[in-house]
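Below are the chains, spelled out letter by letter.
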Amino acid sequence: MRLSARIATLELAETFVISRSAQDTADVVYVELEHDGVTGYGEATPIARYEQSAESALTYLESEAGLLGDDPWAFEEIEARLPEEEPAARAGIDAALHALQGKLTGQPVWRLLGLRRVGPPTSWTIWLGDPDDMAGRTEAVAGRFKRLKLKLGGRDGLDVERVRAVRGVTELPLMVDVNEAWSLDEALEALPQLAELGVEYCEQPLPAHDLGGPELKERSPLPIFVDEDCHVAADVPICAGRAHGVNIKLAKSGGIREAVRIAHVARALGLGVMLGCMNESGLAVAAGAQIASLCDHVDLDGNLLLRHDPWPGVELVDGVQLPSDSPGLGVSQAVLDPR
């Protein structure tokens, strides 16, 4: 197999704000794997929170390309050969391999995996802002989505007011994501109020590995899902002591195969399963959509936050990010690529 990769810059439609950063663009790496005249594509979405960059992912891809071998079906061997660093880069390889297999067999990846095509509806992210601003952006997407995820963690004492403002303009199910911004005391004060406002669950209220995690799980009136705490399947048993569910992201796990393992371990331990994404194109979202049916909650709106999606093919149908039934990941590069 021959691998090639290049960095691309995605432009967001609006500045995306969370508790620790604001973002107008996202640098990703496109991966191409060619075998016997057939090419599979994947996307690596590095996560700065874990000290990854597009440049570090590209360096990994170029330096480790020789380890892939000539057999696109030898997943176990390829996984064993690739170094564990740079999970986003490995997720790009994993997606391209799955896409290549689908094209070689004429089947969509979700069918190769033996999964259902349709998963839960995706939430739409209301990024962090003033309460009135978040309420206004909620009203602007009325009727398009069935669930909303609110970014909290403003560190200004207004997080409950943000949720109250949004609840004042919608009856849709609400989830919140704090991105590690609360202390245990702040969480214990806010969560009962959020429960009264009908919030369904809270994602990563405490910093990863915070010692207060087990106590918060025991005392919280809302289910706690962890994101930054959970990367691979081996993390899930530890997360079970501090959360009611885990958030899977391919860019954290290293790809579809490890994501499926995480889902199964979580189920075995009685945990809920959420599927998330980064600010990424339809190429990466398509890879996530292949396994959405394994999950209770889905947050796959990354491509919808872009000014222009360079890899169309995932279709938003009745609130669901529906993967294509075309071979592989079912997306194609647009004629105009905003590099």
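Up top you'll find the structure we're talking about.
Visitor: Is there a simple way to explain the overall build of the protein in this structure?
Guide: For the protein, the count of helices and strands is 12 helices and 13 strands. Taking 2.2 N^0.38 as the reference for a compact globule, 339 residues should give roughly 20 Å; the C-alpha atoms of the protein span a radius of gyration of 19 Å, in line with that estimate. Once the C-alpha set of the protein is aligned to its principal axes, its extents read approximately 60 × 40 × 35 Å. Counting every position in the protein, which comprises 339 residues, the buried fraction comes to 58%. Contacts in the protein between residues far apart in sequence, at least 24 positions, make up 68% of those at least 6 positions apart. With an accessible surface of roughly 13600 Å², the protein has 49% of that area assigned to carbon and sulfur atoms.

Visitor: Help me understand the sheet that holds strand 2 (residues 21–35), please; the structure alone is not making it clear to me.
Guide: Hydrogen bonding along the main chain pairs the strands of a sheet, whether they run parallel or antiparallel. Read across the sheet, 3 strands follow the order 1-2-3 without closing on themselves; strand pairing throughout is antiparallel. The open sheet terminates on both sides in strands that have one partner only, identified here as strand 1 (2–18) and strand 3 (38–44). Strand-to-strand, the axes of this sheet are offset by a mean angle of 20 degrees, without reference to chain direction. Direction of pairing for strand 1 relative to strand 2: antiparallel, over a ladder of 13 bridges. Across the sheet, residue Ser4 finds its bridge partner in strand 2, namely Glu32. Sheet contacts for helix 3 (residues 87–105): strand 1, strand 2 and strand 3; angle to strand 3, the most-contacted strand, approximately 150 degrees.

Visitor: Would you explain the environment of Gln193 in this entry?
Guide: Structurally, the position occupied by Gln193 is in helix 7 (residues 184–196). In this structure Gln193 touches Val160 and Arg164, once residues within four positions along its chain are discounted.

Visitor: Can you walk me through the pattern of salt bridges in this structure?
Guide: One side chain can pair with another of opposite charge once the charged atoms of both are near each other. Scanning the entire structure with this criterion turns up 25 salt bridges. Arg162 is the salt-bridge partner of Asp159, the closest N and O atoms lying 3.0 Å from each other. Within this pair, Asp159 and its partner Arg162 are both found in helix 6 (residues 159–167), separated by 3 residues, close to a single helical turn. Between Arg164 and Glu161 there is a salt bridge, with its nearest N and O atoms 2.6 Å apart. Pair noted here: Arg164 and Glu161 are both in helix 6, with a separation of 3 residues, about one helical turn. Here Arg164 falls in the partly exposed class, since its relative accessible area comes to 37%. Here the residues in one salt-bridge network are Glu76, Glu79, Arg257, Glu258 and Arg261, joined through shared partners.

Visitor: Explain the packing of aromatic side chains to me, please; I cannot follow it from the model alone.
Guide: Given two aromatic rings, their pairing is described by the distance between the two centres and the angle made by the two planes. Counted by the stated rule, this structure contains 5 aromatic pairs. A ring pair is formed by Phe16 and Trp127, whose centres lie 6.1 Å apart and whose planes are at 45 degrees; its orientation type is tilted. Here Phe16 is found in strand 1, whereas its partner Trp127 is found in the loop between strand 4 (123–126) and helix 5 (131–140), with 111 residues between them in sequence. When the centroid spacing of 4.8 Å and the interplanar angle of 20 degrees are considered together, the rings of Trp124 and Phe145 count as stacked. On the criterion of sequence distance, the pair formed by Trp124 in strand 4 and Phe145 in the loop between helix 5 and strand 5 (147–151) is long-range, its members being 21 residues apart. As far as burial versus exposure is concerned, Trp124 and Phe145 are alike and both buried. A connected cluster of aromatic rings, assembled from ring pairs, spans Tyr30, Tyr41 and Trp311.

Visitor: It is not clear to me how the packing of helix 1 (residues 54–64) against helix 3 should be interpreted in this structure. Could you clarify?
Guide: Between two packed helices, what matters for the description is the angle formed by their axes and the separation of those axes. The interhelical angle for the contact between helix 1 and helix 3, taken along N-to-C directions, is 55 degrees, at an axis separation of 8 Å. Relative to helix 3, the element helix 1 is oriented oblique. Helix 3 is crossed by helix 1, and the crossing has right-handed handedness. Contacts between helix 1 and helix 3 involve Ala57, Tyr60 and Leu61 on the former and, on the latter, Ala89, Arg90 and Ile93. Within the contact of helix 1 with helix 3, the residues separate by chemical class into 5 nonpolar, no polar and 1 charged.

Visitor: In this structure, what is going on with the side chain of Gln101? I would like to understand it.
Guide: Tracing the chain through its elements places Gln101 in helix 3. Excluding its chain neighbours within four sequence positions, the residues that come into contact with Gln101 are Pro72, Trp73, Phe75 and Leu112.

Calculation notes
Residues numbered from 1 in each chain as written. Predicted model: local features only at pLDDT ≥ 70, side-chain atom pairs only at ≥ 80, totals over all residues. Heavy atoms only, no water. Helix = DSSP H or I, 4+ residues; strand = E, 2+ residues; numbered from the N terminus. Rg over C-alpha atoms; globule rule 2.2 N^0.38 Å. Buried < 20%, exposed > 50% of the residue type's maximum accessible area, 1.4 Å probe, protein only. Contact = heavy atoms within 4.5 Å. Areas by Shrake-Rupley, 256 points an atom, 1.4 Å probe, with all protein chains shown as cover. Pairing = 2+ DSSP bridges. Axes fitted to C-alpha atoms, helices over the stretch in contact; angles between N-to-C directions. Salt bridge = Lys/Arg side-chain N within 4 Å of Asp/Glu carboxyl O. Phe/Tyr/Trp six-rings, centres within 6.5 Å; stacked < 30°, edge-to-face > 60°. Parallel < 35°, antiparallel > 145°, perpendicular 65-115°, else oblique. Left-handed = near helix turned anticlockwise from the far one by under 90°. Nonpolar A, V, L, I, M, F, W, Y, C, P; charged D, E, K, R; others polar.

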